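The primary structure of each chain is shown beneath.
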Amino acid sequence: MHDIKLIRDDAAAFDAALAHRGLAPQSPALLELDAKRREALGRQQDAETERNALSKLVGRAKASGDEAEFNRLRGEVDRLKSVLEESGEQAKRFDEALNQHLAALPNLPEADVPDGKDEADNQEVRRWGEPKDLGFKPRDHVDLGEALGQMDFEGAAAMSGARFVALKGGLARLERALAQFMLDLHTGEHGYMEVSPPYMVRDEAMFGTGQLPKFAEDLFRTTDGRWLIPTAEVPLTNLAREAIHDEAALPMRMTAYTPCFRAEAGSAGRDTRGLIRMHQFQKVEMVSLVKPEDSDAELDRMTGCAEKVLQLLELPYRVMLLCNGDMGFSAKRTYDLEVWLPSQDAYREISSCSNCGEFQARRMNARYRKEGEKKPAFLHTLNGSGVAVGRAMLAVMENHQNEDGSITIPAVLRPYMGGLERLGA
């Protein structure tokens, strides 16, 4: 959410930043609504002041027995009551229209975020690891999982439709092992507090993190009006809503392992095979709430935490700085981690870490009070995948596959797999 006061102060800079998002100038319409709202509020305030003054005169006229003056003044008070009601309604309508317009606009990108339209314009920052020469033609995770008899897309589709899977046996345990490993790493070494949040939230929670109103079609809604979370970012970040936090409590770092539910309404025909793009998947999420001056460093820290997961799993990856055309709605800077998939001979996204600045905090009124100051300030919020469990599993399967179709378990996961070193033959 944007601050209309800042737009008033420098409308040209606001429009220039939105232009990097591919949007036409928005300040003329916003400032017109703002001016009409303020005019209506001014009329309301003037009428209130005049009515208060007349009310005193009404009392004096009544006390003096001047019935004619009393009736005249009462008529003026009644007229001003009508002005108050009308101007109040106008101010409310303009305020609602202004807020709806502001709520539909994405966050402003940082000045040094690269220009571009889509993922082709993202910039590589660094790489870790080298893709292995397997010495044979790699099989994709679907072939590997089905050959093991532990990845059932047909059975899942029979009960739920496309983009669902039932994992069995060793792969079901591998999914659980990955999640436990990630949670232990983030809580034990990276300083995140584990949270078990709700999986269903109300409208205001989705609005707070930017999923609503723009992305309703990408979400699943229950019959009683709640929403299934698309990511644990939503409940974790909303734990700070409508509150003023102590500066000494910052940074607040949280992590959660949850199912995520996405309609994938805009991805028809994309990644229809396998685990890349599912309606339901598991993810370990990281969220940080920090002071504004700390958010840039926190983004680097969070990205490093996600990278550590991939390093310990011995998975080659690269870090990409997203261009402004590929960033999410609430982000002002985003780093994607892309893991190597042998079957595709390509890097694919497995984690996205974003600094949202005060954008989400404004939407959910999440603030903190600096020590020694009376006026609270908005927090900066950050979120990142730490990482997507399904994509981590398929990357492990493909990168650690053997020619006989078995899968070598990375050493870091073996304690979570009962010491098992290999799945399959």
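Worth saying up front: this structure is predicted, and the values here are computed from it rather than measured.

Each value, and the rule that gives it
Residues numbered from 1 in each chain as written. Predicted model: local features only at pLDDT ≥ 70, side-chain atom pairs only at ≥ 80, totals over all residues. Heavy atoms only, no water. Salt bridge = Lys/Arg side-chain N within 4 Å of Asp/Glu carboxyl O. Helix = DSSP H or I, 4+ residues; strand = E, 2+ residues; numbered from the N terminus. Buried < 20%, exposed > 50% of the residue type's maximum accessible area, 1.4 Å probe, protein only. Polar contact = N/O pair within 3.5 Å; in protein donor to acceptor, adjacent residues only side chain to side chain.

## Re the pattern of salt bridges
This model, assessed by the stated rule, comprises 23 salt bridges. Between R126 and E307 there is a salt bridge whose closest N-O contact spans 2.5 Å. Separated by 181 residues along the polypeptide, R126 in strand β1 (residues 123-128) and E307 in helix α10 (residues 295-312) bring together distant segments of the chain. The class of R126 is partly exposed, set by a relative accessible area of 36%. Measuring nitrogen to oxygen at the nearest pair gives 2.7 Å for the salt bridge that ties E358 to R362. A cluster of three or more residues bridged by salt bridges with shared partners is formed by R8, D34, R37, R38 and D95.

## Digging into the side chain of N355
With respect to the secondary-structure elements, N355 resides in strand β13 (residues 346-355). At 2.9 Å, the side chain of N355 and the backbone nitrogen of G357 are in polar contact.

## Things to note about unusual backbone geometry
With omega at 5°, the peptide bond leading from L212 into P213 counts as cis. By secondary structure assignment, the location of P213 is in the loop between α8 (203-209) and β6 (220-221). Between G386 and V387 the backbone carries a cis peptide bond, its omega angle lying at 10°. Relative to the elements of secondary structure, V387 occurs in strand β16 (residues 380-388). In this structure, E242 is a non-glycine residue whose phi angle is positive, near 50°. If you trace the backbone, E242 turns up in the loop between α9 (233-238) and β8 (243-246). Assessed through its relative accessible area of 53%, E242 is described here as exposed. Phi angles above zero are rare outside glycine, and E314 is one such case at about 60°. By secondary structure assignment, the location of E314 is in the loop between α10 and β11 (317-321).

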